[in-house]
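Residues per chain are reported as follows:
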Amino acid sequence: MFVVVTLRHAFACFCFQLHEQMQETAQNSGVLDEYYNGMRRLESVMETLHSRQVSGFVDAEYTYMQPAIRSLVLLMQSKYNKQHPVVFNTQQAYLKTAEEDNKVNLAIADKTGFLYGTKVVRGAYMDKERSLSKSYSYPDPIYAKYEDTSACYNRILDVLLRQAAVSQGRVMAATHNEESVKFGVKRMNELCIERQSGHAVFAQQLGMCDHVTFALGRGGYLVYKYSPYGDIDSTIRYLCRRAQENRTALKGVRREKQILYDEWKRRRKTKQTQ
């Protein structure tokens, strides 16, 4: 079982302030109170997940928050991932720094002695990231072409699969891209990673790319459906943002509708000939 943990925006921003301006921020007791309260809540969540042997995936956010979130995740992993991966990082493949970040994270895990768990995604903040880079005049952190993102995704997935094949590390390929799923399946077979071992699993959004999910399940691979949970207002906003900023997933929805329509026509034709 998996649970996705999203750090509240305010807490992530406070962590970012502490990460970037430690001495100046330390003088602000309000910021420190927010930080300590957030850390207590995060520790409580991870302790509960650890005691119940449930894995928690910490979601990625905007690039200006990622250094702080990344530090928090590595800290939690060093504490709770000693025997089996409980805390999972999220790696956004559309970032130009993604491969280097993944390499550094693996090196830290190896040196510190904890089991590294990662969820690999393409990323869903493309419009916002590019808008911020233009507004504040810094280089666009996102790959210019979708093909470049896909190539980066597969390279990162390959590194993590090779690591999972020789250790107790874990990787989740969270993608609606059929080519990346096929690549992951191919590499698992080549690396002799058992389909039910849990070392490598797949995931798609509930209601999206079901034809890929069912095909993976029939093939004996571990595959999960991600279901957003929360109050209606925040959940609807989340789904709208996913639809707006992750447009490639919508291509999969159109393909799935065509597959369903073709199957309906096949069954109708079969029924008429009986």
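Heads up: the structure comes first, above all this text.
From a predicted model like this one, the values you see are computed outputs, not experimental measurements.

Rules and cut-offs
- Residues numbered from 1 in each chain as written.
- Predicted model: local features only at pLDDT ≥ 70, side-chain atom pairs only at ≥ 80, totals over all residues.
- Heavy atoms only, no water.
- Helix = DSSP H or I, 4+ residues; strand = E, 2+ residues; numbered from the N terminus.
- Buried < 20%, exposed > 50% of the residue type's maximum accessible area, 1.4 Å probe, protein only.
- Contact = heavy atoms within 4.5 Å.
- Areas by Shrake-Rupley, 256 points an atom, 1.4 Å probe, with all protein chains shown as cover.
- Axes fitted to C-alpha atoms, helices over the stretch in contact; angles between N-to-C directions.
- Parallel < 35°, antiparallel > 145°, perpendicular 65-115°, else oblique.
- Left-handed = near helix turned anticlockwise from the far one by under 90°.
- Nonpolar A, V, L, I, M, F, W, Y, C, P; charged D, E, K, R; others polar.
- Core = buried A, V, L, I, M, F, W, Y, C linked by side-chain atoms within 4.5 Å.
- Salt bridge = Lys/Arg side-chain N within 4 Å of Asp/Glu carboxyl O.
- Expected span 1.5 Å × (residues − 1).
- Arc of directions from axis to C-beta.

1. Some remarks on the overall build of the protein chain
- Within the protein chain, the regular secondary structure consists of 11 helices and seven strands.
- Here the protein chain holds 274 residues, and the buried ones make up 45% of them.
- Taking all contacts inside the protein chain whose residues are at least 6 apart in sequence as the whole, residues at least 24 apart take part in 72%.
- As displayed, the protein chain has an accessible area near 15400 Å², and 54% of this comes from carbon and sulfur atoms.

2. Things to note about the side chain of serine 180
- Mapped onto the secondary structure, serine 180 falls in helix H8 (residues 178–190).
- Its relative accessible area of 2% is what places serine 180 among the buried residues.
- Aside from chain neighbours lying at most four places away, what touches serine 180 is Arg122, Tyr153, Asn154, Leu157 and Thr175.

3. Description of the packing of helix H4 (residues 66–80) against helix H5 (residues 98–112)
- Axis separation between H4 and H5 bottoms out at 11 Å; the angle between their running directions is 30 degrees. Taken together, the axis directions place H4 and H5 in an arrangement best described as roughly parallel. Like other packed secondary-structure pairs, H4 and H5 cross with a definite hand, here right-handed. Each of Arg70, Leu74 and Ser78 in H4 lies in contact with H5, whose residues at this interface are Asp101, Val104, Asn105, Ile108 and Thr112.
- A per-class count over the contact of H4 with H5 returns three nonpolar, three polar and two charged.

4. Brief notes about the nonpolar core
- Membership of the largest hydrophobic core comes to 47 residues, with the highest contact counts inside it found for Met46, Val87 and Phe202.
- Contacts of valine 87, omitting those with residues within four sequence positions, involve Met46, Gly56, Val58, Val73, Met76, Gln77, Tyr80, Asn81 and Gly117.
- Listed in part, the eight residues of the second largest apolar core include Phe57, Phe88, Ala203 and Leu222.

5. A short note on the pattern of salt bridges
- The full count for this structure, using the stated rule, is 11 salt bridges.
- As a salt-bridge pair, arginine 130 and aspartate 140 come within 2.9 Å of each other at their nearest N and O atoms. In this pair, arginine 130 sits in helix H6 (residues 126–135) while aspartate 140 sits in the loop between H6 and helix H7 (146–165), placing the two residues 10 residues apart along the sequence.
- Judged by its relative accessible area of 23%, arginine 130 is partly exposed.
- The class for aspartate 140 is partly exposed, based on a relative accessible area of 24%.

6. Side note on H5
- The terminal C-alpha atoms of H5 lie 21 Å apart, and with 15 residues this matches the ideal 21 Å at 1.5 Å per residue to within 8%.
- Of the positions making up H5, those classed as buried are Ala98, Asn102, Asn105, Leu106 and Ala109. One face of H5 carries all of its buried residues, which in axial projection span an arc of 100 degrees. More than 90 degrees from the buried face of H5, the exposed residues found are Lys103 and Lys111.
- Immediately downstream of H5, the backbone of glycine 113 shows phi near 90 degrees, a positive value.

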